[in-house]
Amino acid sequence: MPAGTQDYYSTLGVERSANADEIKKAFRRKARELHPDVNDAPDAEDRFKEVNEAYDVLSDPDKRDQYDRYGSVGRNGGGGGGGYGYADMGDLFGGGAGINMEDLFSAFFGGVGGRGGGRGVRLEGRDMAMQIVITLAEAASGVEKEIVLDRLATCDVCGGGGSTEDSKTVTCPDCNGTGQRVTQHKTFLGTMQTVAPCERCGASGHIIENPCEECQGSGRVPDREHVKVNIPAGIRDGQQIRVAGMGEAGIRGAAAGNLLVSVRIAEDEYLHREGDDLHCRATVPVTQAALGATIHVNGVLEEHNVNVPAGTQHGDTLRVKGGGMPRLNGSGRGDLIVHVAITVPKKLSNRQRELLEELATEFGEDVAEYKTPLHKLRDWLHG
Ligand SMILES: [Zn+2]
Ligand SMILES: [Zn+2]
């Protein structure tokens, strides 16, 4: 659904007069119901995105005000760098052929196998990935960027444990505390038995009765957070920054995943990067190139006065030591390499022409005979 065609209030199921708290509660309720990790309906992801979009607008007083007045909001109003953290959710929907029980199970419990707390079940939160784009100057100076991140965060009602005062831990009735379910399939070869982690208890062998209502015992709730990411000076295009613990929260207090931010550097109009060196082009008039001069060149962080030696040729390079990108390891900076393009004047005053003609004579060069407009008129009248 394109931006602005939905009614954000009805998407979240709140009155137009709803206050910020009611909107936040409604968002959490809807997000919990529709989060791609827990809802396998084919349209769940789209509806989840709609809910996110609605919350994005209604939770921001300025955007909400704009929406109330004009019925729509600029897509990128408010900015903030990142966009949403959907990256890790897509894989659930990528297969096309519907979601099998294992997917559903891993969606609830954060993935089967791999690292994790015994019995083949992973309770740790998954890593999340996103990308941000910065300028070359930001890459040179280092920068702090804020990312808007939708993730499963630690439930603040139960502190992530999944239980409250009214809860108690009991043996899982589905697996009798073994943490495993044995299922039998009839096939043409006979009866086959498969053993899988118990879905009900996440293979822990116990469940929580009367779990925390906010998170339904999982210890985590969908939430939106603003995360600051520190990008060090000298970062290369495509490098990844790991923000520890800012991926999905773990199940019932298990360790959170990490947020992996890929940094892309936008192409600069004037400066081209090769490793830690920068290259640029500078135009130098032929007279300055012949006589020698000092020119000003805009580097990535500062302006440089660059000495052009007498006799500089077109295509020569001039090196500014330390004018390049900072090295990530902190050991100084690369160089700025200036590629000289020599320019020839396109128009000459009479005086300038005289001087150049004199110079040409001095060099013993043949030059075109010069005719002023008056000469040309005379030629045309008499010729
Ligand atoms: Zn069980
Ligand atoms: Zn909770």
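Before any of the text, the structure's been laid out above.
In this report, the structure presented in the accompanying data block is examined. Source: prediction; values computed, not measured. (Residues numbered from 1 in each chain as written. Chains lettered and ligands numbered in written order. Predicted model: local features only at pLDDT ≥ 70, side-chain atom pairs only at ≥ 80, totals over all residues. Heavy atoms only, no water.)

Some remarks on the coordination of the zinc ion (ligand 2)
What counts, and what does not: Donor selection uses N, O and S atoms within 2.8 Å of the metal (3.2 Å for Na, K and Ca). Since no water is included, sites may look incomplete. The geometry test gives tetrahedral to four donors whose angles all lie between 85 and 135 degrees, gives square planar to four donors and octahedral to six donors whose opposite members are over 155 degrees apart with all other angles between 65 and 115, and gives irregular to the rest. Relative accessibility thresholds used throughout: buried, under 20% of the residue-type maximum; exposed, over 50%; partly exposed, between the two (1.4 Å probe, protein chains only).
Binding of the zinc ion (ligand 2) to the protein goes through Cys155 (SG), Cys158 (SG), Cys212 (SG) and Cys215 (SG), at separations of 2.3 Å. The site at the zinc ion (ligand 2) holds four donor atoms, and with the angles between them running 103 to 116°, its shape is tetrahedral. Assessed through its relative accessible area of 3%, Cys215 is described here as buried.

Details of the side chain of Asp150
Put simply, the rule reads: Each helix is a run of DSSP H or I of at least 4 residues and each strand a run of E of at least 2, with the numbering of both proceeding from the N terminus. Pairing of N or O atoms within 3.5 Å defines a polar contact, subject to two protein rules: one partner must be a possible hydrogen donor and the other a possible acceptor, and residues neighboring in sequence count only if both atoms are side-chain atoms.
Its place among the elements puts Asp150 in strand β2 (residues 143-154). One polar contact links Asp150 to Arg224, side chain to side chain, over a distance of 2.8 Å.

A closer look at the environment of Ile251
Along the chain, the position of Ile251 falls in the loop between β8 (240-243) and β9 (259-265). With a relative accessible area of 2%, Ile251 lands in the buried category. Here the alpha-carbon distance between Ile251 and Gly217, two residues 34 residues apart in the chain, equals 8.8 Å.

Some thoughts on the nonpolar core
Across soluble globular proteins, nonpolar side chains show a tendency to be buried alongside one another. Basically, it comes down to this: Side-chain atoms within 4.5 Å link the members of a nonpolar core, which is a set of buried Ala, Val, Leu, Ile, Met, Phe, Trp, Tyr and Cys residues.
Within the largest apolar cluster, 38 residues are counted, with the highest numbers of intra-cluster contacts made by Ile231 and Leu259. In this structure, Tyr8, Phe27, Ala31 and Tyr67 belong to the second largest nonpolar core, which totals 17 residues.

Quick word on the packing of aromatic side chains
Applied cut-off: Between 30 and 60 degrees the pair is tilted, below 30 it is stacked and above 60 it is edge-to-face, where a pair is any two Phe, Tyr or Trp rings, Trp via its six-membered ring, whose centres lie within 6.5 Å.
A complete count under the given rule lists three aromatic pairs for this structure. Judged by centre distance (4.5 Å) and plane angle (40°), the rings of Tyr8 and Tyr67 are tilted. Of the two residues, Tyr8 is situated in helix α1 (residues 8-12) and Tyr67 in helix α4 (residues 61-70); the sequence distance between them amounts to 59 residues. Here Tyr8 matches Tyr67 in class, with each residue buried. Between Tyr9 and Tyr67, the aromatic rings sit 6.1 Å apart at their centres with planes inclined by 40°, giving tilted as the arrangement. Linking Tyr9 in helix α1 with Tyr67 in helix α4, this pair joins segments that are 58 residues apart in sequence. For the pair shown, Tyr9 and Tyr67 are each scored as buried. Clustering of aromatic rings is evident, with ring pairs tying together Tyr8, Tyr9 and Tyr67.

Points about the packing of helix α3 (residues 44-58) against α4
In plain terms, the rule: To obtain each axis, a line is fitted to C-alpha atoms, and for helices this fit is confined to the stretch in contact; angles are then taken between N-to-C directions over 0 to 180 degrees. Each angle gets one of four labels, with under 35 degrees taken as roughly parallel, over 145 as roughly antiparallel, 65 to 115 as roughly perpendicular, and the rest as oblique. Any two residues whose heavy atoms approach within 4.5 Å at even a single point are treated as in contact. Residues are sorted three ways: Asp, Glu, Lys and Arg are charged, Ala, Val, Leu, Ile, Met, Phe, Trp, Tyr, Cys and Pro are nonpolar, and all the rest, Gly among them, are polar.
α4 packs onto α3 with a crossing angle of 100° between their chain directions and a minimal axis gap of 6 Å. Judged by the inter-axis angle, α3 sits roughly perpendicular to α4. Judged by residue contacts, Asp56, Val57 and Leu58 of α3 engage Lys63, Arg64 and Tyr67 from α4. Residues that form the contact of α3 with α4 fall into these classes: three nonpolar, no polar and three charged.

Some remarks on the pattern of salt bridges
Using the following cut-off: By salt bridge we mean one thing: a side-chain nitrogen of Lys or Arg within 4 Å of a carboxyl oxygen of Asp or Glu.
Under the definition given, this model contains 23 salt bridges. Each of Arg28, Asp156, Glu214 and Asp223 takes part in a single network of salt bridges with overlapping partners.

Topic: the sheet that holds strand β14 (residues 317-320)
Strand pairing in a sheet is mediated by backbone hydrogen bonds. Such pairs are either parallel or antiparallel. To be explicit about the condition: At least two bridges found by DSSP between two strands is the condition for calling them paired.
Pairing is mixed in the open sheet, where four strands are placed in the order β10-β11-β15-β14. In the strand order of this sheet, the two ends are held by β10 (272-274) and β14, each with one partner. The mean angle between the axes of side-by-side strands here comes to 35°, regardless of whether they run parallel or antiparallel. As defined by bridge partners, β14 adjoins strand β15 (residues 336-343) across four bridges and the pair is classed as antiparallel. In the strand pairing of β15, Val320 is matched with Leu336.

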